[in-house]
Amino acid sequence: MGIAPDRGYDSDLDNPNVAGVHAVTARILDGKALAQQVRQEITAEVALLKAQRHVTPGLTVVLVGDNPASHVYVRNKQNACNAAGMSGQTLRLPADVTPASLIETVESLNADPSVHGILVQLPLPSHIDERAVLTRIDPLKDVDGFHPANVGLLASGSPRFVPCTPLGVRELLLNGGVETRGAHVVVLGRSQIVGKPMALLLLQRGPGGDATVTVCHTGTRDPASFARQADILIAAMGQPEKVNADWIKPGAVVIDVGMHKRADGTLCGDVHYPSVAEVASAITPVPGGVGPMTVAMLLRNTLQAAQRS
Ligand code: GUN
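Starting from 1, residues in each chain are numbered consecutively following that chain's sequence as written. Per-residue local features are limited, in this predicted model, to residues with pLDDT of at least 70; the limit for side-chain atom pairs, both in listing and counting, is 80 or more; totals at the level of whole chains, interfaces and linings are taken over all residues. Calculation of side-chain values draws on the structure's entire complement of heavy atoms; hydrogens and water are dropped beforehand.

**What to know about the packing of aromatic side chains**
For clarity, the cut-off: When two rings of Phe, Tyr or Trp (its six-membered ring) have centres within 6.5 Å they constitute a pair, described as stacked for plane angles under 30 degrees, edge-to-face for angles over 60, and tilted for the intermediate range. Definition used: whenever NZ (Lys) or CZ (Arg) falls within 6 Å of the ring centre and also within 35 degrees of the ring normal, the charge is taken to sit over that ring.
Taken as a whole and assessed by the stated rule, the structure comprises 0 aromatic pairs. The lysine or arginine in question, R308, covers the ring of F161, its NZ or CZ lying 4.9 Å from the ring centre.

**Digging into helix 3 (residues 68–83)**
Inclusion rule: Secondary structure elements follow DSSP: runs of H or I no shorter than four residues count as helices, runs of E no shorter than two count as strands, and numbering proceeds from the N terminus. Multiplying 1.5 Å by the residue count of a helix minus one yields the expected span of that helix. Buried means the residue's accessible area, taken with a 1.4 Å probe over protein chains only, is under 20% of the maximum for its type, while exposed means over 50%, and partly exposed covers the values in between. By definition, the arc is the one covered by directions from the helix axis to the C-beta atoms. Polar contact is defined as a pair of N or O atoms within 3.5 Å, subject to the rule that within protein one atom must be able to donate a hydrogen and the other to accept it, and that residues adjacent in sequence are counted only when both atoms are side-chain atoms.
Over its 16 residues, helix 3 runs 23 Å from end to end, which matches the ideal 22 Å to within 8%, given 1.5 Å per residue. Looking only at helix 3, the buried set comprises S70, V74, K77, A80 and C81. Each buried residue of helix 3 sits inside an arc of 125 degrees when the element is viewed along its axis, so together they form one side. The exposed set on the far side of helix 3, more than 90 degrees from its buried face, consists of P68 and A83. The backbone nitrogen of A69 lies 3.0 Å from a side-chain oxygen of the residue at the head of helix 3, namely N67. Two residues or fewer after helix 3 comes G85, characterised by a positive phi angle close to 90 degrees.

**What about the pairing of strand 7 (residues 232–235)?**
Put simply, the rule is: By this definition, two strands are paired if DSSP reports at least two bridges between them.
Here strand 7 shows no split at all, with I232 and I234 on one side and L233 and A235 on the other all buried. The sheet contact formed by strand 5 (residues 184–188) and strand 7 spans 4 bridges and is parallel. When the bridges of strand 7 are listed, V187 appears paired with I234.

**Some details on the sheet that holds strand 3 (residues 87–93)**
Rule in force here: Here, axes are lines fitted to C-alpha atoms. For helices the fit covers the stretch in contact, and angles between N-to-C directions go from 0 to 180 degrees.
Taken in spatial order, the 3 strands make up an open sheet running 3-2-4, and their pairing is parallel. The open sheet has two free edges, formed respectively by strand 3 and strand 4 (117–120), since each of these has just one partner strand. Sheet twist, expressed as the mean angle between neighbouring strand axes with direction ignored, is 15 degrees. Strand direction decides the pairing type here: strand 2 (residues 58–64) and strand 3, joined by 7 bridges, are parallel. Residue pairing across strands places G58 opposite S87, the latter belonging to strand 3.

**Remarks on a nonpolar patch on the surface**
Rules: To count toward a patch, a residue needs a relative accessible area over 30% and no salt bridge; like charges are then connected within 9 Å, while nonpolar side chains (Val, Leu, Ile, Met, Phe, Trp, Tyr) are connected within 5 Å. Note on areas: Shrake-Rupley with a 1.4 Å probe; residue coverage comes only from the protein chains shown. Whenever Lys or Arg places a side-chain nitrogen within 4 Å of a carboxyl oxygen from Asp or Glu, that contact is recorded as a salt bridge.
There is a patch of nonpolar side chains on the surface, built from V72, Y73, M259 and L267 and spanning about 310 Å² of accessible area. The topology assignment puts L267 in strand 10 (residues 267–268).

**Side note on the environment of G291**
Tracing the sequence through the fold places G291 in helix 11 (residues 290–308). Overall, G291 belongs to the partly exposed group, its relative accessible area being 41%. Along the sequence, G291 and A235 sit 56 residues apart, while their C-alpha atoms lie 13 Å from each other.

**Quick look at the packing of helix 2 (residues 31–53) against helix 11**
Where we set the bar: For this classification, under 35 degrees means roughly parallel, over 145 means roughly antiparallel, 65 to 115 means roughly perpendicular, and everything else is oblique. We call a crossing left-handed when the near helix sits turned anticlockwise from the far one by less than a right angle, and right-handed when that turn is clockwise. Here, residues are in contact when the closest pair of their heavy atoms is within 4.5 Å. Just so you know the grouping, Ala, Val, Leu, Ile, Met, Phe, Trp, Tyr, Cys and Pro go in nonpolar, Asp, Glu, Lys and Arg go in charged, and all remaining residues, Gly too, go in polar.
Running from N to C, helix 2 and helix 11 point in directions that differ by 15 degrees, and their axes come no closer than 9 Å. Taken as axis vectors, helix 2 and helix 11 run roughly parallel relative to one another. The crossing of helix 2 and helix 11 is left-handed. Counting all contacts with helix 2, which are made through G31, K32, L34, A35, V38, R39, I42, E45, V46, L49 and R53, the residues of helix 11 involved are P292, M293, A296, M297, L299, R300, L303, A306 and Q307. Split by residue class, the contact of helix 2 with helix 11 holds 13 nonpolar, 2 polar and 5 charged.

**A look at the site of the ligand**
The condition is simple: Near residues are defined by distance, with any heavy atom within 4 Å of the molecule or strand qualifying the residue.
In the neighbourhood of the ligand, the contacting residues comprise L119, V120, Q121, L122, D144, F146 and I193. Here a nitrogen atom of the ligand sits 3.3 Å away from a polar atom, N or O, in the side chain of Q121. Here a nitrogen atom of the ligand and a backbone polar atom of L122 are 2.9 Å apart. With the chains in place, 83% of the 280 Å² that the ligand exposes on its own is no longer accessible. Residues of the shell around the ligand, tallied by class, amount to 5 nonpolar, 1 polar and 1 charged.

**Notes on the pattern of salt bridges**
On inspection of all chains with the given rule, the structure shows 5 salt bridges. When the shortest N-O distance is used, the salt bridge between R300 and E171 registers 3.4 Å. On the criterion of sequence distance, the pair formed by R300 in helix 11 and E171 in helix 7 (residues 164–175) is long-range, its members being 129 residues apart. A relative accessible area of 18% means that E171 is categorised as buried. In this structure, E241 and R262 form a salt bridge, with 2.8 Å as the shortest nitrogen-oxygen distance. Here the residue E241 occupies a position in the loop between strand 7 and strand 8 (253–256), and R262 occupies one in the loop between strand 9 (260–261) and strand 10, the gap between them amounting to 21 residues. The partly exposed category is assigned to E241, whose relative accessible area is 27%. Its relative accessible area of 34% is what places R262 among the partly exposed residues.

Everything listed is a geometric property; what it means functionally is a separate question.
If you want it as structure tokens, here you go:
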């Protein structure tokens with residue numbers, strides 16, 4: 001449910017949103033600050049694991065080709081691992097690597113006991129079938145939660161590794177005091193990385209779950225009409241600033257998973273922040289919202305993989 005204060009509107013004439021005089025500015029759900037806090041907690045747990053069991057959690061990221069955005073994401077992930085006292089490594093493979101050679105790399109990481117987490121950065125070059133690679137990762141090292149075994153565990157209600165971005169969104173909602181139980185959550189996008197696992201997570205029983213979930217996608221007629229019914233709107237469709245104030249129910253909580261570079265080099269999300277922030281009760285910024293939480297949840301999954309090893 002939204003967290004807007006009761007403004008006690010008697011009629012639409014009193015409602016600044018309806019009248020077009022936007023007096024309300026949304027509370028910012030600060031992912032950067034929360035991620036910092038989570039990373040401090042993880043750092044302490046890593047130190048404990050090292051002291052008590054002489055185990056250093058290790059994450060290896062496999063990066064194929066030279067997608068510039070992937071290079072930035074992977075550097076952030078590796079640096080975050082190392083800052084938490086984990087062992088973070090990146091294996092860089094050329095864009096023309098054969099599928100067999102990439103799978104061989106994955107198999108050797110599966111067999112390496114110092115590697116607790118394996119992440120193959122997506123997207124892969126078009127000559128490689130992503131599914132054929134992801135299914136070869138040991139499900140117990142699949143800190144991305146993309147292996148069908150982990151997807152199945154989430155779908156059947158006993159999650160093991162859950163994809164990091166949806167986990168980060170749930171953490172932002174829980175920490176921000178946003179009640180999901182009974183709330184109508186509309187997820188825009190059905191990707192394997194965000195939209196689909198996000199919906200499954202919101203359907204789980206318990207804190208951060210128990211929501212009524214609608215998923216909109218490229219086949220949905222008039223997605224804005226669904227978005228306007230959302231108590232919590234999660235935008236993950238990958239279209240720069242597509243969601244504007246007309247898509248938002250006054251007082252809704254808006255989570256922006258998008259990340260795009262404008263022509264002038266500045267960043268934006270899937271949500272048109274300036275207009276939506278005047279209608280929503282709470283909103284995540286881009287950058288500094290979901291992105292840092294994704295990295296923090298990757299560290300948490302890697303720590304868990306090492307603890308279970
Ligand atoms: N590309 C964009 N987001 C992700 C992610 O969470 N994991 C992987 N492996 N690749 C991505």
